[in-house]
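What the coordinates show
Chain by chain, the residues run as shown.
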Amino acid sequence: MLTARQELLLAKVIDGFAAGGQPVASKALAADDDVTAGPSTIRNELAVLEEQGLLAHPHTSAGRIPTDAGYRYYVDHILPARRSTALEPAPALTLARREVDEAMRVTSETLSQITDLLAIVSAPPIQTTTIRHVEVLVLQPQVLMVVVITSTGGVSKRLFTYDRPVDAGLAEWAASYLNEALVGRGVGARTLRSRLTDPTLPPTERSFLEGLAPAFTELADTAEDTLYVEGTARLLAEHRFQDVSQLNALLDLLERRVTLLGVLSQALDQRDLYVRIGAENEAPALQGLSLVAANYGLPQRNLGTVSVIGPTAMDYAGAMIAVRAAALELSHFIEDVYGAG
């Protein structure tokens, strides 16, 4: 553990580097009103912090910059003390009553705007989603629409066209049967298809239902890898990357949604914020960046994550406050939606 003075100097270097992007010199620290130590004492303390691996001293500069270990100490030991003095009120992320997918989109957009970082919200995994309601609507004599509403408020619509006019009575029967057979069933459940191909049904009804199966099977195929990403342009600003290879690695990660979901899923089991700084990230594309994430969901079940990705010199206090507030707000929204089902 560091002394109070060492923690103050470490925090000042981190704040100064985040603000200006340049190494922080002892002369600048000596001029800070919050630092009461003299120049020689400051230099000695900075040397101690450097020996402990919390600061680095670029050869071309007389100043210091934080290391990944320095950021980790800052997040674990300095920010919690600051949090008790309330740096800023948590940002209000007002979410109107709307479908959950829109709420997650709003959350990612707002979070990116607040933090000026890349914001990512992962949708609830498919195994947590069930069917709430099914509509089978005859739009035109030969055009049918199936609407599936899930327990998370998501809405899926699928159009079907036929060579001859659709029997309105058959469509009405299908709606009644599907609601009775599928409501409460998991979107990815194996029993879903068997419910759509019930051999005890008359041939006409069974054939009609089998034709509607894609409205449900394709829902399962696409519901598993939904991510809402906002602020990519902000993160791709040239000054935020050490080299082009790091930029390319991040772009590849954003394209490979499954890999990114795997990274974010590690935050699902965390009770509080999940923070990974630089080389602490297992994914090579993130090892020059930092990730701040929190889970959202129901009191007894985590459903997804809210996160920001940015340079290791990010404003950790602001990012952590914003991510925690966004996750809490989204959890409240999810609870309302599930409670309404």
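Note that the structure is a prediction, hence the values are computed from the model and not measured.

**Some thoughts on the packing of aromatic side chains**
Evaluation of the coordinates by the stated rule reveals 4 aromatic pairs. Look at Tyr74 and Tyr316: their rings are 6.3 Å apart centre to centre, the planes differ by 70 degrees, and that puts the pair in the edge-to-face class. You can see Tyr74 sitting in helix H4 (residues 68-83) and its partner Tyr316 sitting in helix H13 (residues 316-339), a full 242 residues away along the chain. Comparing Tyr74 with Tyr316, the two get one shared label, buried. When the centroid spacing of 6.3 Å and the interplanar angle of 20 degrees are considered together, the rings of Tyr162 and Phe208 count as stacked. Separated by 46 residues along the polypeptide, Tyr162 in the loop between strand E6 (155-161) and helix H6 (168-182) and Phe208 in helix H8 (residues 203-212) bring together distant segments of the chain. Tyr162 sits in the partly exposed class, given a relative accessible area of 26%. For Phe208, a relative accessible area of 10% translates into the label buried. One aromatic cluster is present, formed by Tyr71, Tyr74 and Tyr316 through successive ring pairs.

**So, the environment of Asn179**
Along the chain, the position of Asn179 falls in helix H6. Once the C-alpha coordinates of Asn179 and Val148 are considered, the two residues, 31 residues apart in sequence, prove to be 9.8 Å apart. In this view, Asn179 contacts His133 and Val134; residues no more than four positions away in its chain are not counted.

**Things to note about the packing of helix H1 (residues 4-20) against helix H3 (residues 39-51)**
Running from amino to carboxyl end, H1 crosses H3 at an angle of 80 degrees, the nearest separation of the two axes being 10 Å. Taken together, the axis directions place H1 and H3 in an arrangement best described as roughly perpendicular. Contacts between H1 and H3 pair Arg5, Gln6, Leu9, Leu10 and Val13 from the former with Thr41, Ile42, Glu45, Leu46, Val48 and Leu49 from the latter. A per-class count over the contact of H1 with H3 returns 7 nonpolar, 2 polar and 2 charged.

**Notes on the sheet that holds strand E9 (residues 289-298)**
In a beta sheet, neighbouring strands are held together by backbone hydrogen bonds and run either parallel or antiparallel to one another. Read from one edge of the open sheet, 5 strands run E7-E3-E10-E9-E8, paired in antiparallel fashion. Since the sheet does not close on itself, it has two edges, and those belong to strand E7 (227-230) and strand E8 (274-277), each with one partner. Pairwise comparison of adjacent strand axes, ignoring direction, gives a mean angle of 15 degrees for this sheet.

Cut-offs used in this document
Residues numbered from 1 in each chain as written. Predicted model: local features only at pLDDT ≥ 70, side-chain atom pairs only at ≥ 80, totals over all residues. Heavy atoms only, no water. Phe/Tyr/Trp six-rings, centres within 6.5 Å; stacked < 30°, edge-to-face > 60°. Helix = DSSP H or I, 4+ residues; strand = E, 2+ residues; numbered from the N terminus. Buried < 20%, exposed > 50% of the residue type's maximum accessible area, 1.4 Å probe, protein only. Contact = heavy atoms within 4.5 Å. Axes fitted to C-alpha atoms, helices over the stretch in contact; angles between N-to-C directions. Parallel < 35°, antiparallel > 145°, perpendicular 65-115°, else oblique. Nonpolar A, V, L, I, M, F, W, Y, C, P; charged D, E, K, R; others polar. Pairing = 2+ DSSP bridges.

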